[in-house]
Structures are given as C-alpha cells and as structure tokens.
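Structural features, examined
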Number of protein chains: 2
Amino acid sequence: MAKFYGIGVGPGDPDLLTVKATKLIQQLDVLYTPKAHHGGVSVAEKIAQPYLPADLEIKQRHFPMVKDLATKEKSWTAIASEIVSDVQAGRDVGFLTLGDPSVYSTYSYILARVQDQIAVETIAGISSFSQIAASLSIPLVLDDELLTVVPATTDEATLKSALALNDNLVIMKVATHWQMVYQLLAAAGLLDQAIVVANASMAGQEITPVQQLTADSKLPYFATMLVKKHQRLVE
Amino acid sequence: MAKFYGIGVGPGDPDLLTVKATKLIQQLDVLYTPKAHHGGVSVAEKIAQPYLPADLEIKQRHFPMVKDLATKEKSWTAIASEIVSDVQAGRDVGFLTLGDPSVYSTYSYILARVQDQIAVETIAGISSFSQIAASLSIPLVLDDELLTVVPATTDEATLKSALALNDNLVIMKVATHWQMVYQLLAAAGLLDQAIVVANASMAGQEITPVQQLTADSKLPYFATMLVKKHQRLVE
C-alpha cells in the first residue's frame, strides 16, 4: 500500500541521517522538500543530496515564513492535498524535514492534515539539541535531572519558571529574544553555565560561551543555547 | 591521532543508527560494549551487530546496575582507565551506548573520566523519546510550546511542577514509580492525554494509552510516557 513518509534529515551533516532514512529515500516515487523562500534552496534537500536517486521526482514546495497564520495554513492545506492525491494514486511519497520531524517541525502541520486519509510513517532524526550536546561532548541530562526544551519566543515568566525548575535547558531560536534571555541568565547567576551553538554540524558551526557575549550581541538565526545549572561550561 | 568515540546506536532498530555511526564502527581498532549483567547480552552490541566488522576487537564490559554509587564509580574508573591506555597506545576506541549518548547515558561518566587525557568525539543517536513520537506520528513539541524530559525517579513535587509548567512531558523509567505518576495524571485530568510506549522500535514494542491502565498496572522496564496537555491521545 502506498504511504506518506516524514523523514528527519538531522541537523546538517549528511552522515547524520539514519540508515533507515537513506534506505527509504531510495524507494520513494516522489519527494517533497520544503523551502522558506521562492527561488531559494531547500536546506533539507541539500543535506539529503548524497542519497537522492537521479530519477527521483522532487517537488520543491514553498513554506512561507511569516507571522500570519492564515497564509501559512493556506500553504499547508494546499501541499497536504497534493500529497494525499499522490499517495491515493499509488505513489510512495516522502517529505524531508530538518532535524527531528517531531520537534518544532512544519511536518507536524502537514501530518495533521493527511493522517486521517492516507497511511503515514514518521522517521525520527537527530535533533539540533542532541547534536549540540554531542558536538560539545557534554551530557544533556543525567540521573534524576530534568531537561526542558523551550523556544525563546515564549513569555518571560514562563522562561523564568523553566529556568528555576530545571537542571538543564535547551533554548531554541535564542537570537529572537536574546536580550531577555541574557538578562534572565545574568539574574540567575548562570552566565558561565551556558553555551550558544550556531549551525550545529554544518559548515558554519560556531560555539560561543555566553560569558563572551553581551546583552547586545547579534546571534545567527540557527542558534541554540544549552544551560546547565550544575556544571560550569567555561573555565 | 587516536581518539575515543562515544557512539549512540539509537533505540533498538539497527536501521536507526546514523550513517556516521556505521562508518565509524568500520574504522575502529577496539569497541567497548556495556552490559548490565555478567554473562548477559550487551543490548547496544546486539543493535549494532549488522555493522561490526568480523575482525573488530570487542571488549564487553560489565556496568553494575546497583544503587550503591561507590560500586558503580569503581567500575567506571576501571573501564575509563582501560580506554585511556588503549587510546594512548594509538588505537581508535569506540564505546556503544543505547539511544543518544547525551541523554541519561552511562557514557557520560566514562567521558568525564577520560576527556582531559585523550581526544574524544561523541556521535549523537536517536533518543527513545524521539522514536516514541515518531512511532506514534505525534509531535513532541510545536510552536511556542515547552517540552520537559523527566525521570519518574524524581520527587513528586518536582514532577507535579513539571506537569503544571509544561505543554508536553516525556516521563522516563515510568514503571519505577507508576502509582505516583498515574495519580498525578488523574488529579490533573490528563489520563486521556498520555500514552506509554515500551521497547520502542524493538521486537516487543507495545503502545498503551494510559486510559487502558490502572494505578496498579505493571509496566515493562523500558517504558516511557508521553503526555500532551493540548492534545487528546485517545478517542
């Protein structure tokens, strides 16, 4: 039976795809790849490039990166309906997604629109925060500790509570509200227990202890912070 | 230069290793594999079996699963010192670990004992909670939501706070304190928003909505729970 596969390509290094993902890509009839800008490059497609068979039909589709929900929903619904048609025509359809398809992924919105109509399978991928910890050779979480993953776009009170409750924090999209995050860390005395990693496992990977930054620093878009309350991360 | 590699083998399916992990295993001189019981099987080694070259030297080492910290530390220190000797003798040494080496992994204790003496590199793996979400085709976390990973072995007050603060919770080792977890979920009205997955991606995988369980249910050791506050997981 034809199926729809959501495939995580991991954080950037093509070697960080799973064997399962690379095998699946070989067997597909159609592959959808998301790109943020018209005429732009699909980052996920670029990562999976070494595994794409020459004759695979690739459908690059544009996912608008805007605040307006109605605009985004319109594009998700159109792409979902195209995917349903392909699967109902008997084709095995893949959809590439950066990192892990279950973690802050646009794939989830496509999934929600198709899963009552066609068979689906999700292939886990290495998330950016898992790769960040690996690239630093630092544990994310140990023993009875807690780990929270939180986007910097949440409100200040929630971020403050998360920082108070947890032993370890991953703060995603940290560039977006950098000043707020920096000030909360400073107030909690955690500046030397936090590290920012940008473009993990990609060519432009940058690792920066927060002690080397200020509240006014400008960070790259794909920057994620790891905060460990029980471990100094700078000497 | 010879190096020590911590290699995540993922949750159970050999296809869930990364391409990077499978390439690395081919190039090693020695591979350490952990097992919980003397004379037992190394679960991580079994998962990586399809990728092990016939002539690879494998050192199965026993990691005692006991409460006594001194006993555990003694074995970590002995194994770490053996690894340091191997690398200092010019051999590339691997160490297999279930799931992701950065998430509740014994590898972290070995790492802490060797990283000042020899070169190390950590290879991320698919964590059990990432695979659980994938196997259910449910997002772990979306938009501005928070995700917390917490072991059921934490105290009740912390678990209650975590449940109050977060949109999504992964509760590890949920069999250990099942009654407490069940009662907290019931009190929070979340029984139909929680699912237990045991042995994710392995032969004995079991998926059970919490609505089908009681406070007295017995769960398998490798059972993990996913709680989503904003999504009913049973009809």
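Since the structure is predicted, the reported quantities are computational estimates derived from the model, not experimental observations. (Residues numbered from 1 in each chain as written. Chains lettered and ligands numbered in written order. Predicted model: local features only at pLDDT ≥ 70, side-chain atom pairs only at ≥ 80, totals over all residues. Heavy atoms only, no water.)

Our focus in this paragraph is the interface of chain A and chain B. Taken together, the contact pairs 54 residues of chain A with 54 residues of chain B. Interface area for chain A against chain B, summed over the two sides, is near 4000 Å², with a carbon-plus-sulfur share of 59%. It is A:Asp15, A:Ser102 and A:Ser137 that lose the most area in chain A upon contact with chain B, and together they represent 13% of the buried surface on that side. Across the pair A:Asp13 and B:Lys20 runs a salt bridge, and its minimum N-O distance is 3.9 Å. Along the contact surface separating chain A from chain B lie 27 residue pairs in polar contact (both at pLDDT 80 or more). Where the side of chain A that touches chain B is concerned, the elements lending two or more residues are α1 (19–27), α4 (107–114), β5 (120–123), α5 (128–136), β6 (147–151) and α6 (156–165) of chain A. (Contact = heavy atoms within 4.5 Å. Buried area = accessible area lost by both parts, 1.4 Å probe. Salt bridge = Lys/Arg side-chain N within 4 Å of Asp/Glu carboxyl O. Polar contact = N/O pair within 3.5 Å; in protein donor to acceptor, adjacent residues only side chain to side chain. Helix = DSSP H or I, 4+ residues; strand = E, 2+ residues; numbered from the N terminus.)

Residue and element names in this part refer to chain B. In space, the 5 strands of this open sheet follow the order β3-β2-β4-β1-β5, with parallel pairing throughout. At either end of the open sheet lies a strand with only one pairing partner, and these are β3 (57–62) and β5 (120–123). Going across the sheet, the axis of each strand differs from the next one's by a mean of 20 degrees, ignoring polarity. The pairing of strand β2 (residues 30–35) with strand β4 (residues 93–97) spans 3 bridges and is parallel. Note on β4: the bridge partner recorded for Val 30 is Val 93. (Pairing = 2+ DSSP bridges. Axes fitted to C-alpha atoms, helices over the stretch in contact; angles between N-to-C directions.)

Before going further, it helps to spend a moment on a nonpolar patch on the surface. Taken together, the side chains of A:Val43, A:Met65, A:Leu98, A:Tyr221 and A:Phe222 define a hydrophobic patch exposed on the protein surface, amounting to about 480 Å² of accessible area. Positionally, A:Tyr221 belongs in the loop between β9 (206–209) and β10 (223–228). (Patch = residues over 30% accessible without salt bridge, like charges linked within 9 Å, V, L, I, M, F, W, Y side chains within 5 Å. Areas by Shrake-Rupley, 256 points an atom, 1.4 Å probe, with all protein chains shown as cover.)

Bringing helix α7 (residues 178–187) of chain B into the picture now. Residue and element names in this part refer to chain B. For α7, the complete set of buried residues consists of Trp 178, Met 180, Val 181, Tyr 182, Leu 184 and Leu 185. Close packing links the buried residues of α7 with α6 (156–165), β7 (168–172), β8 (194–198) and β10 (223–228). Immediately beyond the C-terminal end of α7, within one or two residues, lies Gly 189, with a positive phi of roughly 65 degrees. (Buried < 20%, exposed > 50% of the residue type's maximum accessible area, 1.4 Å probe, protein only.)

Sites flagged by UniProt as "domain: Tetrapyrrole methylase" (unreviewed entry) map to residues 3–208 of chain A. Counted over residues 3–208 of chain A, helix gives 35% and strand 21%. Its end C-alpha atoms are 42 Å apart. (UniProt positions renumbered as here; feature names shortened; annotations may be inferred.)

All names here are of chain A. Here α6 crosses helix α7 (residues 178–187) at 35 degrees, and the two axes come no closer than 11 Å. Viewed along their axes, α6 and α7 form a crossing whose handedness is right-handed. In this structure, α6 uses Glu 156, Leu 159, Lys 160 and Leu 163 to contact α7, whose residues at the interface are Met 180, Val 181, Leu 184 and Leu 185. (Left-handed = near helix turned anticlockwise from the far one by under 90°.)

To continue, consider the nonpolar core. The biggest cluster of nonpolar side chains holds 36 residues, and the ones touching the most others in it are A:Phe129, A:Leu140, A:Val170, B:Phe129, B:Leu140 and B:Val170. Residues contacting B:Leu140, with those up to four places away along its chain left out, are A:Ser102, A:Val103, B:Phe129, B:Ser130, B:Ala133, B:Leu147, B:Asn168, B:Val170, B:Leu226 and B:Lys228. (Core = buried A, V, L, I, M, F, W, Y, C linked by side-chain atoms within 4.5 Å.)

Our next topic: the domain arrangement of chain A. All names here are of chain A. For chain A, the domain assignment lists domain 1 (4–126) and domain 2 (129–228). Centre-to-centre, using C-alpha coordinates, domain 1 lies 28 Å away from domain 2. In this assembly, 9 residues from domain 1 lie in contact with 12 residues from domain 2. Between domain 1 and domain 2 lies a buried interface of about 760 Å² when both sides are counted; carbon and sulfur atoms form 73% of it. (Domains from an automatic or database assignment.)

Looking now at the packing of aromatic side chains. Under the definition given, this model contains 12 aromatic pairs over all chains. Pairing A:Trp178 with A:Tyr182 gives two aromatic rings, centres 5.8 Å apart and planes at 55 degrees, and the pair type is tilted. One end of the pair is A:Trp178 and the other is A:Tyr182, both in helix α7 and 4 residues apart, which spans about a single turn. Exposure remark for A:Tyr182: the relative accessible area of 15% places this residue in the buried category. Judged by centre distance (6.0 Å) and plane angle (35 degrees), the ring pair of B:Phe95 and B:Tyr107 falls under tilted. Within this pair, whereas B:Phe95 is found in strand β4, its partner B:Tyr107 is found in helix α4 (residues 107–114), the two being separated by 12 residues in sequence. When sorted by exposure, B:Phe95 lands in the same class as B:Tyr107, which is buried. One aromatic cluster is present, formed by A:Phe4, A:Phe63, A:Phe95 and A:Tyr107 through successive ring pairs. Directly above the aromatic system of A:Tyr104 lies the positively charged group of A:Lys173, at a separation of 5.9 Å from the ring centroid. (Phe/Tyr/Trp six-rings, centres within 6.5 Å; stacked < 30°, edge-to-face > 60°. Lys NZ or Arg CZ within 6 Å of the ring centre and 35° of its normal.)

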